[in-house]
Amino acid sequence: MERHPPGQLLCRDLIAQAVADGRCPPAQHAYIADHCAVELGEPQFYGTRVNPVTLRPYALRRPGTVDERRRDVGLCPLDEQMRALRERG
């Protein structure tokens, strides 16, 4: 059984096209791409999905370059995001 609706993958692809066309901010694609990756049991690209129990990001693809990818789509560095999340507690 598939872990998430196929509609989420379709949305991911439509948002990617909207970003390419300049109709959508790139960060929106980062969020949906990470969501789909985590649901598929794959490492995420941008670190936007965080385990609510451990308050750590789910597995990352090439963690050494995650901040570069985040910067490219307009997101803050991952450490900054995690610090803010812990402070909100």
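To start, this report covers the structure provided alongside it. (Residues numbered from 1 in each chain as written. Predicted model: local features only at pLDDT ≥ 70, side-chain atom pairs only at ≥ 80, totals over all residues. Heavy atoms only, no water.)

## So, the packing of aromatic side chains
Here is step 1 of the chain: For the structure shown, the criterion picks out one aromatic pair.
Here is step 2 of the chain: Aromatic side chains F45 and Y46 sit 6.3 Å apart centroid to centroid with 50° between the ring planes, which places their arrangement in the tilted category.
Here is step 3 of the chain: Assessed through its relative accessible area of 30%, F45 is described here as partly exposed.
Here is step 4 of the chain: On the basis of relative accessible area, Y46 is assigned to the buried category, the value being 13%. (Phe/Tyr/Trp six-rings, centres within 6.5 Å; stacked < 30°, edge-to-face > 60°. Buried < 20%, exposed > 50% of the residue type's maximum accessible area, 1.4 Å probe, protein only.)

## Topic: helix α4 (residues 78-88)
Here is step 1 of the chain: If you check which residues of α4 are buried, you get L78, Q81 and M82. Across the axial projection of α4, the buried residues extend over an arc of 95°, all falling on one side. Residues of α4 that are exposed and point over 90 degrees away from its buried face: D79 and E87.
Here is step 2 of the chain: The inward-facing, buried residues of α4 contact β1 (50-51), β2 (56-57) and α3 (66-72). (Helix = DSSP H or I, 4+ residues; strand = E, 2+ residues; numbered from the N terminus. Arc of directions from axis to C-beta. Contact = heavy atoms within 4.5 Å.)

## As for the state of the cysteines
Here is step 1 of the chain: By the definition in use, this model includes zero disulfides.
Here is step 2 of the chain: Not engaged in a disulfide, the cysteine C76 finds its nearest cysteine sulfur in C24; these two sulfurs lie 18 Å apart.
Here is step 3 of the chain: Among the residues examined, C76 registers a relative accessible area of 29% and is labelled partly exposed. (Disulfide = S-S within 2.5 Å.)

## Observations concerning the packing of helix α1 (residues 6-20) against helix α2 (residues 26-39)
Here is step 1 of the chain: At a minimum axis separation of 9 Å, α1 and α2 run at an interaxial angle of 155°. When the axes of α1 and α2 are compared, the pair comes out roughly antiparallel. In the packing of α1 onto α2, the handedness of the crossing is left-handed. Together, Q8, L9, R12, I15, A16 and V19 of α1 and P26, Q28, H29, I32, A33, H35, C36 and E39 of α2 make up the contact between the two elements.
Here is step 2 of the chain: Residues belonging to the contact of α1 with α2 are distributed by class as follows: eight nonpolar, four polar and two charged. (Axes fitted to C-alpha atoms, helices over the stretch in contact; angles between N-to-C directions. Parallel < 35°, antiparallel > 145°, perpendicular 65-115°, else oblique. Left-handed = near helix turned anticlockwise from the far one by under 90°. Nonpolar A, V, L, I, M, F, W, Y, C, P; charged D, E, K, R; others polar.)

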